[in-house]
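Residue-level structural notes
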Amino acid sequence: MQRPLQEDFQLKETKPHLGGLKVTGDKLTSTYDLVEQMQYLYVRVVKAKDLPGKDVTGSCDPYVEVKLGNYKGTTRHFEKKSNPEWNQVFAFSKDRIQASVLEVTVKDKDVVKDDFMGRVLFDLNEIPKRVPPDSPLAPQWYRLEDRKGDKVKGELMLAVWMGTQADEAFPEAWHSDAATISGADGLSNIRSKVYLSPKLWYLRVNVIEAQDLIPNDKSRFPEVFVKAILGNQALRTRVSMSKTINPMWNEDLMFVAAEPFEEPLILSVEDRVAPNKDEVLGRCAIPLQMVDRRLDHKPINTKWHNLEKHIIVEGEKKKDVKFASRIHTRICLEGGYHVLDESTHYSSDLRPTAKQLWKSSIGVLELGILNAQGLSPMKTKDGRATTDAYCVAKYGQKWVRTRTIIDSFAPKWNEQYTWEVFDPCTVITIGVFDNCHLQGGDKSGGARDSRIGKVRIRLSTLETDRVYTHSYPLLVLHPSGVKKMGEIHLAVRFTCSSLLNMMHLYSQPLLPKMHYIHPLTVSQLDNLRHQATQIVSMRLSRAEPPLRKEIVEYMLDVGSHMWSMRRSKANFFRIMGVLSGLISVGKWFDQICNWKNPITTVLIHILFLILVLYPELILPTIFLYLFLIGVWYYRWRPRNPPHMDTRLSCADNAHPDELDEEFDTFPTSRPADIVRMRYDRLRSIAGRIQTVVGDLATQGERLQSLLSWRDPRATALFVIFCLVAAVVLYVTPFQVVALLTGFYVLRHPRFRHKLPSVPLNFFRRLPARTDCML
């Protein structure tokens, strides 16, 4: 039963009819050659003039209704205006057109029944075609007609044309596919959009010292520390060792700051008067616009900042102007680091913050999001299951979001996007989500957009200038197990502008040089990455329409560092997979030594003789052998981009309790008995890991004890052996020693003992420091 399930999770190569690959009579756009062309009828309603008054007052409240068969779109209406301007675009998908006449009607909004003011009819066969980069079609004035076809008072300015999704009017148009959506908020939530991540900086605050502090209680030595706050981030120094009114720290605090800088850095000097009670001795606010920026680690000037004390007078805070305390700091924005906001395994951008340090781009990545197939129903609407799917793609600082296709398990987007590439060893992430905000705002009671699945593609695994068209399985891990939520159909092309530049990048460090010259600690990087993802998700959720927090966190793999039994197993099997090559070489050599295949062993003897007699051939032979292996494996090179592998992830056979633990909140929300059971299981696993690590440490300590005289007899034996070996090796030619050693190792099994060898016995008897462990 396992095989067909596994095959269902595989990548499928496809041959779609892409726009740029069509050979047709009319001119085609080159910018949309990775997607299938979709034809649309566009209607731009610009304005009207001289509309007749319909109310008692002689005025009208006009709006326009654009109708094509069953589909009907309306503009907003204006109160008491006979010369309104709308400038709205309507797009009707050609696939769904079931009429031959387009009807554009001007109506007067009324409480009871809207009055008909006039209309313009278009025969669909007469409508002109427009293909970008042609200039947009100029709108024209049309006289309104009544239902009999006679001219009436009033004119309407319109432009009507047939175009594709490459048209610049496409993103902002009202779509017939979304005819059920009403209101500006709802429409803005389903349109395609491009977002930019905020520019992130590391802010280094070096707190040096403070001067002339005035503690409230002068009878005791002050225990002073500095607290630094930037937005939601708060860090503090240790308590100063010099318990005086002039304390010193010389301590670095690191923050993440995002442009535009909205909040100042607030430094407060506080005195710990009791275990859980701190008193503020002074405070200052430093705007980040005033802070120095640096590209390397050259020292910058220190500054003294005056501390202000707030005293409460009649319930109001007031600044104490006489307060003369100062704090000495060195504060700078670090432009030489790359601010990590993604999981380091899936980074899409590795450039430093400062633009001056950016290298030139090496190429262009183009992504065509074509369609999805077999999507799972994500919610129930009006008593039936439905899915309103959209895609989000993230690479570098640019996020893109496709339009939402309403009520479809097989949506067709056919949208194409482009990114500049600065490093091939980066990953583009494409996620599919279900839109739960079709009515705009949060009217659905704080609903969250559901994840349908995601795909990651590493650019370095793609051949340049080749169009990859594949259907990727959308796999999501649920508490019940791994589930295929459908397939997404993508077209990807990585075009390289300079092959030489790209090859040169393989010799460069992955991250900017500041990460290696003045590295940040692992715990610092973890905390800063958490802050960076929080800032990115907060800023993008404030865009219009918002890219919501749950989307950003899923795309940035925010929870990937949390403990998971499944991931731990998967990583163990990955290590075993890596070591399996060495193990198989060891088994092969053991078979050679034990003469399992005498012909092979004799050949190895001959090769060994040649290499010993002509040692200059050893390195060329090794490199030639590696060259031949590489050429041999070229026949089996991967033809497809890598994709999510359920077997590698140990997702296809994960235990339900392990999955429940993985989906548990942090801190846990499970009952005490379940937590106790999991804790005991974790202790048993950790015990095994501890034993393995202890064994490795023991072997290392035995090596050290060879010369440490911890065991005086063993060290004496080893020292005497070293002296004898030095004399013998000095007298005997190297070739003779190598030949004797090699023939001894490759000797026939009848000359072997079943017991371990003397050197191994000696090594295992050496003392380690395990005896000193409590």
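About the criteria used
Residue indices begin from 1 for each chain and proceed along its sequence in written order. Side-chain atom pairs in this predicted model are given and counted only at pLDDT of 80 or more, local residue features only at pLDDT of at least 70, and totals for whole chains, interfaces and linings cover all residues. Side-chain measures here rest on the full set of heavy atoms in the structure, leaving out hydrogens and waters. Note: two strands are recorded as paired if DSSP finds a minimum of 2 bridges between them. Think of it this way: any DSSP run of H or I at least four residues long counts as a helix, any run of E at least two long counts as a strand, and we number them from the N terminus. Every axis corresponds to a line fitted to the C-alpha atoms, with the helix fit spanning only the stretch in contact, and the corresponding angles, defined between N-to-C directions, vary from 0 to 180 degrees. Two kinds of site are reported from a 1 Å grid over the protein atoms alone, namely cavities, where a 1.4 Å probe fits but cannot get out, and pockets, open sets with protein on both sides within 12 Å along at least five of seven lines, and residues are called lining when an atom falls within 4 Å of a point. Grid points are joined across faces, edges and corners, and a volume is the space filled by probe spheres set on the points. Ten residue types, Ala, Val, Leu, Ile, Met, Phe, Trp, Tyr, Cys and Pro, are classed as nonpolar, four, Asp, Glu, Lys and Arg, as charged, and the remainder, Gly among them, as polar. In this analysis, the expected span of each helix is defined as 1.5 Å times one less than the number of residues it contains. Throughout, the bend at a residue refers to the angle made by two axes, fitted to the seven residues ending there and to the seven starting there. When a residue's accessible area, from a 1.4 Å probe over protein chains only, is under 20% of the maximum for its type it is buried; when over 50% it is exposed; and in between it is partly exposed. Residues adjacent in sequence count toward polar contacts only when both atoms are side-chain atoms; beyond that, a polar contact is any pair of N or O atoms within 3.5 Å, and within protein one must be able to donate a hydrogen and the other to accept it. Classification of ring pairs uses Phe, Tyr and Trp, with its six-membered ring standing for Trp, and accepts pairs whose centres are within 6.5 Å; under 30 degrees between planes counts as stacked, over 60 as edge-to-face, and the remaining range as tilted. Any Lys NZ or Arg CZ found within 6 Å of a ring centre and within 35 degrees of that ring's normal is scored as a charge over the ring. Orientation categories follow fixed angle ranges, with anything under 35 degrees roughly parallel, anything over 145 roughly antiparallel, 65 to 115 roughly perpendicular, and all other angles oblique. What makes a crossing left-handed is the near helix being turned counterclockwise from the far one by less than a right angle; a clockwise turn instead makes it right-handed. Working rule for contacts: check all heavy atoms of both residues, and any pair within 4.5 Å makes them a contact.

Looking at the sheet that holds strand β11 (residues 193-196)
- Reading across the sheet, the 5 strands line up as β11-β27-β26-β29-β30 and stay open at both edges, with antiparallel pairing between neighbours. Either end of the sheet is taken by a strand with one partner, and the two such strands are β11 and β30 (450-458). Each adjacent strand pair in this sheet contributes to an overall mean axis angle of 20 degrees, direction not counted.
- Two strands pair when backbone bridges link them, and β11 and strand β27 (residues 398-401) are joined in this way by 4 bridges, in the antiparallel orientation. The residue bridging V194 from the neighbouring strand is V400, located in β27.

Concerning empty space enclosed by the protein
- Applying the stated criterion across every chain yields a total of 4 cavities of 30 Å³ or more.
- Of the volumes computed, that of the largest cavity is approximately 200 Å³.
- Classifying every residue of the lining of the largest cavity by side-chain character gives 5 nonpolar, 5 polar and 6 charged.
- Of the voids in this model, the second largest cavity is the one considered here, and its volume is about 80 Å³.
- For the second largest cavity, the full set of lining residues is A173, W174, H175, D177, A178, L187, I190, R191, R403, T404 and I405.
- Looking at side-chain class alone, the lining of the second largest cavity contains 6 nonpolar, 2 polar and 3 charged residues.

Comments concerning helix α7 (residues 565-593)
- Helix length check: α7, at 29 residues, gives a terminal C-alpha distance of 40 Å against a target of 42 Å (1.5 Å per residue), a fit within 8%.
- Helix geometry: α7 is bent most strongly at L579, by close to 35 degrees.
- For α7, every residue scored as buried is listed here: M565, R566, A570, I592 and C593.
- Capping the start of α7 is the job of one residue whose side-chain oxygen sits 3.3 Å from the backbone nitrogen of R566: S564.
- Within two residues after α7, W595 carries a phi angle of roughly 55 degrees, on the positive side.

Concerning the packing of aromatic side chains
- According to the stated counting rule, one finds 15 aromatic pairs in the structure shown.
- Geometrically, the ring pair formed by Y42 and W161 is stacked, given 5.3 Å between the ring centres and 20 degrees between the ring planes. Residue Y42 is located in strand β2 (residues 39-49), and its partner W161 is located in strand β9 (residues 151-164); the two are separated by 119 residues in the primary sequence. The residues Y42 and W161 share a single accessibility class, namely buried.
- Through a chain of ring-to-ring contacts, the aromatic side chains of Y40, Y42, W161 and F170 assemble into a single cluster.
- Stacked on the ring of F78, the Lys or Arg K81 has its end atom at 5.1 Å from the ring centre.
- Geometry around W632 places R635 over its ring, the cationic atom sitting 4.8 Å from the centre.

Examining the pairing of strand β26 (residues 389-395)
- Most of β26 is tucked away: 7 of the 7 residues are buried.
- Of the two faces of β26, the one lined by A389, C391, A393 and Y395 and the one lined by Y390, V392 and K394 are each fully buried.
- Here β26 runs beside strand β29 (residues 427-434); their pairing, made up of 6 bridges, is antiparallel. Across the sheet, V392 pairs through a bridge with G431, a residue of β29.
- Two strands pair when backbone bridges link them, and β26 and β27 are joined in this way by 4 bridges, in the antiparallel orientation.

So, the sheet that holds strand β31 (residues 467-478)
- Read from one edge of the open sheet, 5 strands run β1-β31-β32-β23-β28, paired in antiparallel fashion. Single-partner strands in this sheet number two, and they are β1 (12-13) and β28 (412-421).
- In terms of strand pairing, strand β23 (residues 363-373) meets strand β32 (residues 481-496) through 10 bridges, oriented antiparallel. What sits directly across from G363, in β32, is C496.

A few points about the layout of surface pockets
- Approximately 780 Å³ is the volume attributed to the second largest pocket.
- Residue composition of the lining of the second largest pocket, by class: 17 nonpolar, 7 polar and 8 charged.

Brief notes about the packing of helix α8 (residues 598-613) against helix α13 (residues 734-745)
- Direction vectors running N to C along α8 and α13 enclose 160 degrees, while the axes themselves pass 10 Å from each other. The orientation of α8 with respect to α13, classified from their angle, is roughly antiparallel. The handedness of the crossing between α8 and α13 comes out as right-handed. Mapping the contact onto sequence places H605, F608, L609, V612 and L613 in α8 and Q735, A738, L739, G742 and F743 in α13.
- Considered class by class, the residues forming the contact of α8 with α13 number 7 nonpolar, 3 polar and no charged.

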